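Residue-level structural notes
Chain residues, written in single-letter form:
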Amino acid sequence: MSVYQHFREEERGFIDQVMDWKQDVEIKYAPRLTAFLDPRQQHIMQAIIGSAGDIKVAFEGGSEEGERKRGLIYPDYLSPERNDFELVLLDIGFPSKFVQLSHGDILGSLMGLGIKREALGDILTSRDRIQLVTTKDMKDFLLMNLVQAGKAKVNVTEEKWENRILPENKWTEKNVLVSSMRLDTVLAGAVNISRQKAQLLIQGGKVKVNFRQEEKISFELDQGDMISVRGYGRMRVGERSGVTKKDKIRLNFYFLQS
């Protein structure tokens, strides 16, 4: 049975990469660290590598509730610690009395420096503070080159992990009954709207799946998919917990509450 049949066609490239990483760890019997992965990629990697064999995988992004995390594929003799993931926490100082900066301002400035998204973890924000989780390799570059975001001058310094910004938002779990895993069907059930309205949101470009705009109403969702809907917030597809007598899928869903 091919491993590909459990995933999407467009995910084959990442699947091949994960299998190559796993083989490399098996041959060298030494750990392998990945770039930052989104929740869907983490799910794929966990599904492929599993936890029962000699090779295992762990994820770390600076906090348990973090979204973007680095993966560590390792032989079972190792007990991973945070230091093994080579993460740093940077504080992005700005004159908060005079200007407000958003997640988008920081991400846009980082992209403008030519940094790829996989080199960046979560961007943590509060009313007057912003922090960035990134790799040790990126630290010096960012300390020197990230000097402006939006219209504000910024000052980047390394911060201790115990001083990280705690999330103001929390994930809440909800059990949803859906007739299929189609995007329009799941979205309608998740936010309690009609399927027609869900289709209009999707076709109107107001829905993203795994941070990419998705306008295909029949797109098949799977565990680990992150959905953001303009006007309704963000949600993550959890595990299926069974099927009812009427063939409805019982789906665990996680909503980001602000």
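Throughout what follows, the structure given in this document is the object of discussion.

Calculation notes
Residues numbered from 1 in each chain as written. Predicted model: local features only at pLDDT ≥ 70, side-chain atom pairs only at ≥ 80, totals over all residues. Heavy atoms only, no water. Core = buried A, V, L, I, M, F, W, Y, C linked by side-chain atoms within 4.5 Å. Buried < 20%, exposed > 50% of the residue type's maximum accessible area, 1.4 Å probe, protein only. Helix = DSSP H or I, 4+ residues; strand = E, 2+ residues; numbered from the N terminus. Contact = heavy atoms within 4.5 Å. Pairing = 2+ DSSP bridges. Axes fitted to C-alpha atoms, helices over the stretch in contact; angles between N-to-C directions. Phe/Tyr/Trp six-rings, centres within 6.5 Å; stacked < 30°, edge-to-face > 60°. Lys NZ or Arg CZ within 6 Å of the ring centre and 35° of its normal. Left-handed = near helix turned anticlockwise from the far one by under 90°. Nonpolar A, V, L, I, M, F, W, Y, C, P; charged D, E, K, R; others polar.

What follows is about the nonpolar core. Within soluble globular proteins, side chains that are nonpolar generally end up buried alongside one another. Core analysis: the largest hydrophobic core is formed by 26 residues, its most contacted members being Leu183, Leu187, Val207, Leu221, Ile227, Met235 and Phe253. In terms of residue count, the dominant contributor to this core is helix α5 (residues 183-191) (6 residues). Beyond its immediate chain neighbours, meaning those up to four positions away, isoleucine 227 contacts Leu183, Val207, Lys208, Leu221, Gly233, Arg234, Met235, Val237 and Phe253. The next biggest cluster of nonpolar side chains, apart from the first, holds 21 residues, and it includes Phe94, Leu107, Met138 and Ala152.

For the rest of this paragraph, the subject is unusual backbone geometry. At glutamate 86, a residue that is not glycine, the phi angle is positive and equals roughly 55°. In this structure glutamate 86 comes out as partly exposed when scored by relative accessible area, which is 35%.

So, on to the sheet that holds strand β3 (residues 69-75). Taken together, the 3 strands give an open sheet; going across it, the order is β1-β3-β2, and neighbouring strands pair in antiparallel fashion. Each having just a single partner strand, β1 (32-37) and β2 (55-60) make up the two edges of the open sheet. Adjacent strand axes in the sheet meet at a mean angle of 20°, parallel and antiparallel pairs treated alike. When β2 meets β3, the two strands line up antiparallel, connected through 6 bridges. Paired with isoleucine 55 across the two strands is proline 75, which belongs to β3. Docked against the sheet, helix α2 (residues 39-49) engages β1, β2 and β3, running at close to 160° with respect to β2.

Describing an aromatic ring pair means giving the distance of the ring centres and the angle of the ring planes. Applying the stated criterion to the full structure yields 3 aromatic pairs. Summarising the aromatic geometry, the rings of phenylalanine 253 and phenylalanine 255 are spaced 5.4 Å apart at their centres and angled 40° between planes, so their arrangement reads as tilted. The ring of tryptophan 161 carries arginine 82 above its face, with NZ or CZ at 4.8 Å from the centroid. Above the ring of tryptophan 171, the side-chain terminus of arginine 236 is found at 4.8 Å from the ring centroid.

Once that is clear, we can look at the packing of α5 against helix α6 (residues 195-203). Contact pair α5 / α6: the axes reach a minimum separation of 8 Å and the direction vectors enclose 115°. Our pair here, α5 against α6, has a crossing hand that is right-handed. Across the interface between the two elements, Leu183, Asp184, Thr185, Leu187 and Ala188 of α5 pack against Arg195, Ala198, Gln199 and Ile202 of α6. Of the residues assigned to the contact of α5 with α6, the class counts are 5 nonpolar, 2 polar and 2 charged.

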